[in-house]
Amino acid sequence: MNIVVLVKQVPDTEAAVRPDSSAPARIVESGIKFIVNPYDEFAVEEAIRIKEAKGGHVLVVTIGPPRADEALRTCIAMGADDALRIDDSQLPDLDALGRARLLSKAIAQSPFDLVLCGKQAIDDDLAAVGTFVAELLDLPHVAVVTKLELADGKAICRKEVDGGTQTVEVQLPAVITAQKGLNEPRYPALRGLMLAKKKEIPVVTPSSLGISAEELRPSYKVQHLELPPARGKGKILQGEPETTAVELVRLLREEAKVF
Amino acid sequence: MASEVLVWVEFKDGVIRRSSLEAIGAATQVAAQLKCTVAAAVVGNADQQAMQCLDEVGVSRVYKVEGVEYQQFEPCRYADALQAVVKQSSPGLILMAATALGKDLSARLAARLRSALATDCIGLEVNDGQISVVRPVYAGKLRAKVGLSGPSPIVTVRPNTFAVPAAQSNRQPEVTGISAELGAASRKVTVRETVYSTGEMPDVSEADIVVSGGRGMKGPENFAILEELAKLLGGAVGASRSAVDAGWMDHQHQVGQTGKTISPNLYIACGISGATQHLAGMSSSKCIVAINKDPEANIFKVADYGVVGDLFRVVPLMIAEIKKLK
């Protein structure tokens, strides 16, 4: 089974991101730790488990500048076999559709049975690229999956919908996007880390994939980033619960008028 | 020039979801500037009552795509259906609610139409015919203003952000039936079953009021008091990542960077310290209440109202007081 996992390198969830005053559509990157997008980790883990159970090959693919190699090495340390980076240094404004064009072109170059990725990246929070890749390759997709079983050329997926779950059967090849709950991603073992260090990571560019800058012109363009409005100082009640609970209910009813 | 803003309308149990009415509200706001009318797309069967609801919110046309193949939601099929609607309508903008289904469908449809997609938007405006949106990014740590170009951009709007349009006298929108064919991808997917969790509680992403618990809840059994408070207020129960990771609550309830980002009218955080990732997910709530024993807890920094105290005493007393007032 050939599995392709799409990953993205994103700022750590703990990072205090702030807009760059000299380029307000970007964040200040210095001092920020970058990690594998947490939802993509579920996808990598799932791919490795499938390989361990059924045999096969796991290729991880990312789009990013040279620093994104680090994310690929993390995936290799976990157990992925190969990695590929699509360099976007010349096209820093790529939008989700542009990224999906590059990814679908890159992964279509060799046969695969399954594409896995996280349900969304925690930087732009778009929740689009996996599904875009499926559509561009004319494959079915199942998004926000918390359980995956493979049998007879099919995947049986459990996915989240508002207030419930759906069980969906899909013919392979397909694109499946991972949600928290799918598995518990492993920590790389020492041997994996050594392997990952030495692994050669091929790099391709949009032009080497045969896609012009014109085709990648973004129709979704961030104009600026800003911090959300600061909240005013709140009223903090201290004292006996008998008093504070009643006062809180009164404030919520009479002042905030929320119920 | 496009003549319509198209809204995909989502139903649950035959009734239009409020978040879809909010999307119609957002569409109405921008339609005049785009010199457009508002049209609704209904895929699958809608009952009479639901259709009447569309009459009252100022929709001038309803596109209906009916058929047994749309009985259960499946994004590839629904994208086939909406693609046929878009072919007829050529909308200047497509809107839907950023629900689980809306996000899923919007992505498939955007790629199908090669349209710009902006999900989970909290602001939408038109300047000189150019559409721009505001969306929380980095789980709400930042807000991005994004310009959208190209044909029929697709925007999903975050529930509880836009107002439902005021009821109007019956407008009797024109109903246009559309037929669509299943594409290759759609024929490869089968929805076997959909199971909704029991209970009448709304989903945390759509609820007006969310009562959340964190590590301070000490165990899964204690969430019962939060459920009681939530039920009393007609709200939903949320949880912090640590409560979910401890296995006390299902991930569907998780609020924060690797859970749901929400904007309810009232958010009550009980026994939640306020980690960055949690604050990111709930800090756009309109009114935030924190109940925590530790006066130094981070959550108090974003709270409009805070109670320093033992939630196991404060919450039951709140419940008793609210019952007294009702």
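Described in the following lines is the structure provided in the data block.

Quick notes on the environment of Thr62 of chain A
All names here are of chain A.
At step 1: In this fold, Thr62 is placed in strand 6 (residues 57–64).
At step 2: The exposure class assigned to Thr62 is buried, which follows from its relative accessible area of 0%.
At step 3: Residues within four places of Thr62 in sequence aside, it is in contact with Val7, Lys8, Gln9, Ala68, Leu72, Leu84, Arg85 and Ile86.
At step 4: For Thr62, the side chain forms a polar contact with the main-chain oxygen of Val7, separated by 2.7 Å.

A short note on helix 4 (residues 100–113) of chain B
All names here are of chain B.
At step 1: Compared with an ideal rise of 1.5 Å per residue, which puts 14 residues at 20 Å, helix 4 spans 20 Å between its outermost C-alpha atoms and is within 8% of the ideal.
At step 2: Most of helix 4 sits out of view: twelve of its 14 residues are buried.
At step 3: Of the positions making up helix 4, those classed as buried are Leu101, Gly102, Asp104, Leu105, Ser106, Ala107, Arg108, Leu109, Ala110, Ala111, Arg112 and Leu113.
At step 4: Positive backbone phi, at 55°, marks Arg114, one or two positions downstream of helix 4.

Remarks on the sheet that holds strand 13 (residues 189–196) of chain B
At step 1: Spatially, the ten strands line up as an open sheet ordered 13(A)-7(A)-6(A)-1(A)-8(A)-12(A)-9(A)-10(A)-11(A)-13(B), and their pairing is mixed. Across the chains shown, the open sheet's two edge strands, defined by having one partner strand only, are strand 13 (203–204) of chain A together with strand 13 of chain B.
At step 2: Sheet topology note: the strand 11 (residues 164–171) of chain A/strand 13 of chain B ladder contains seven bridges and is antiparallel. Looking across to strand 13 of chain B, one finds that Thr167 of chain A is bridged to Glu193 of chain B.
At step 3: Across the face of the sheet, helix 2 (residues 69–78) of chain A comes into contact with strand 1 (2–7), strand 6 and strand 7 (82–87) of chain A while running at roughly 165° to strand 7 of chain A.
At step 4: Docked against the sheet, helix 4 of chain B engages strand 9 (141–151) and strand 10 (154–161) of chain A, running at close to 130° with respect to strand 10 of chain A.

Reading the values: the criteria
- Residues numbered from 1 in each chain as written.
- Chains lettered and ligands numbered in written order.
- Predicted model: local features only at pLDDT ≥ 70, side-chain atom pairs only at ≥ 80, totals over all residues.
- Heavy atoms only, no water.
- Helix = DSSP H or I, 4+ residues; strand = E, 2+ residues; numbered from the N terminus.
- Buried < 20%, exposed > 50% of the residue type's maximum accessible area, 1.4 Å probe, protein only.
- Contact = heavy atoms within 4.5 Å.
- Polar contact = N/O pair within 3.5 Å; in protein donor to acceptor, adjacent residues only side chain to side chain.
- Expected span 1.5 Å × (residues − 1).
- Pairing = 2+ DSSP bridges.
- Axes fitted to C-alpha atoms, helices over the stretch in contact; angles between N-to-C directions.

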